Amino acid sequence: MTTDQIAALNARYAIPGRVALERGPGDLPFVRLHGDHADGTIALQGATTTGYEPSGSAPVLWISRASHYAPDRAIRGGIPLCWPWFGPHPSDPSKPQHGFVRTRPWTVLGASVAADGATEVRLGLDDSAETRALWPHAFRLALTVQVGASLHVALDTHNTGDEPFTFTGALHSYFDVADATAITIDGLDRCSYVDQVDARRVKLQQGPVTISAETDRVYQDTTATCTIDDPTRGRRIKIAKEGSRSTVVWNPWRDKAQRMADFGDDEYLRMVCVEVANALDHAVTLAPGAQHRLATTISVEAA
Ligand code: TA6
């Protein structure tokens, strides 16, 4: 994006002291948000929320120091958007993992300040010849990000075509923790999950989720709020959700982290993904003209 394009976006959407478009890592365009209670950043690349920092708290979202910041590359961290499929394409392995919207440039649709002092920005992505070559449907996506005492992220899918379509997806949130081996994740007790690192066997969660090895689980039929208890940092991160029946918990652990070029070898100890999703059996089918919202509200409290 050229300097003139960024200037034109600021002329239209900037709110002094609240919303500004600027260049960030990789010279990519970012939206910087300042709210009464927190600051945030969003990359137009993939409409990836890359930062959320409540006043007086450490960053809530984790970003790898090795992340790529380049066109057509996903950012490693924050909240990448997986859509219109979660994981590998259901039938064509040549298509990109987690769909194609997290690697495309989104447009700014609007910016405002809410009554509660939260600062909101809306980004959009419509179908194009490139997307239709990957997925033959007409759609309109809108992402709403509200930065305030909590972080609210909502992905609205609108079927603008004349045929129904079916999709899966996730808000693939990476959370910053002091020590992944010391956290517990509550909210999934007695929930069945597909264990992606054990031949996709279906198992039952007993008690809180803890991390001590590669962990990649799709919890099914759950609308529960999850809580990451990070005793080392003395805080809990609450992850509430809307329009989601799956929750994914992921930590690559040592070996997989070392195999990923955009993930520092030792960084697996500082992060965990708790993703609000509709994955595997929880695909969503939208009739022509229908809409669906997948949303999360993330808040932090002292532990
Ligand atoms: O959310 C878990 C997962 O599906 C894992 O299987 C792992 O692949 C992770 O997503 C990251 O995927 P990415 O394509 O961003 O490397």
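This text follows the structure it describes.
Owing to the predicted nature of the structure, the values given are computational and were not obtained by experimental measurement.

Colleague: Quick one: what's the story with the sheet that holds strand β9 (residues 151-159), residue by residue and with numbers?
Modeller: The sheet built from 8 strands is open, its strands ordered β6-β7-β8-β9-β22-β18-β17-β13 with antiparallel pairing. Both edges of this open sheet fall to β6 (107-113) and β13 (184-186), since each of them pairs with a single strand only. Taken pair by pair, the neighbouring strands of this sheet meet at an average axis angle of 15°, ignoring direction. Both β6 and strand β7 (residues 119-126) contribute to a ladder of 6 bridges, which runs antiparallel. Following the sheet pairing, V113 is matched in β7 by T119.

Colleague: Describe the layout of surface pockets, naming the residues involved and giving the relevant values.
Modeller: In this structure, the largest pocket occupies an estimated 740 Å³ of space. Secondary-structure elements contributing two or more residues to the lining of the largest pocket are β10 (165-167), β16 (215-219) and β19 (246-251).

Colleague: I'd like to hear about the site of the ligand, residue by residue, with values.
Modeller: Every residue close to the ligand is listed here: R76, F86, Q97, H98, R102, H172, D216, V248, W250, K256 and E275. H98 is positioned with one of its side-chain polar atoms (N or O) 3.0 Å from an oxygen atom of the ligand. For the ligand, an oxygen atom lies 2.8 Å from a polar atom in the side chain of E275. Protein burial of the ligand: of its 390 Å² of free accessible surface, 85% is covered by the chains. In this structure the site holding the ligand corresponds to the largest pocket. Looking at the shell around the ligand residue by residue, the class counts come to 3 nonpolar, 3 polar and 5 charged.

Each value, and the rule that gives it
- Residues numbered from 1 in each chain as written.
- Predicted model: local features only at pLDDT ≥ 70, side-chain atom pairs only at ≥ 80, totals over all residues.
- Heavy atoms only, no water.
- Pairing = 2+ DSSP bridges.
- Helix = DSSP H or I, 4+ residues; strand = E, 2+ residues; numbered from the N terminus.
- Axes fitted to C-alpha atoms, helices over the stretch in contact; angles between N-to-C directions.
- 1 Å grid on protein atoms, 1.4 Å probe; cavity = no way out; pocket = protein on both sides within 12 Å on 5 of 7 lines; lining within 4 Å.
- Points joined across faces, edges and corners; volume = space filled by probe spheres on them.
- Near = heavy atom within 4 Å.
- Polar contact = N/O pair within 3.5 Å; in protein donor to acceptor, adjacent residues only side chain to side chain.
- Areas by Shrake-Rupley, 256 points an atom, 1.4 Å probe, with all protein chains shown as cover.
- Sits in = over half its atoms within 2 Å of the grid points.
- Nonpolar A, V, L, I, M, F, W, Y, C, P; charged D, E, K, R; others polar.

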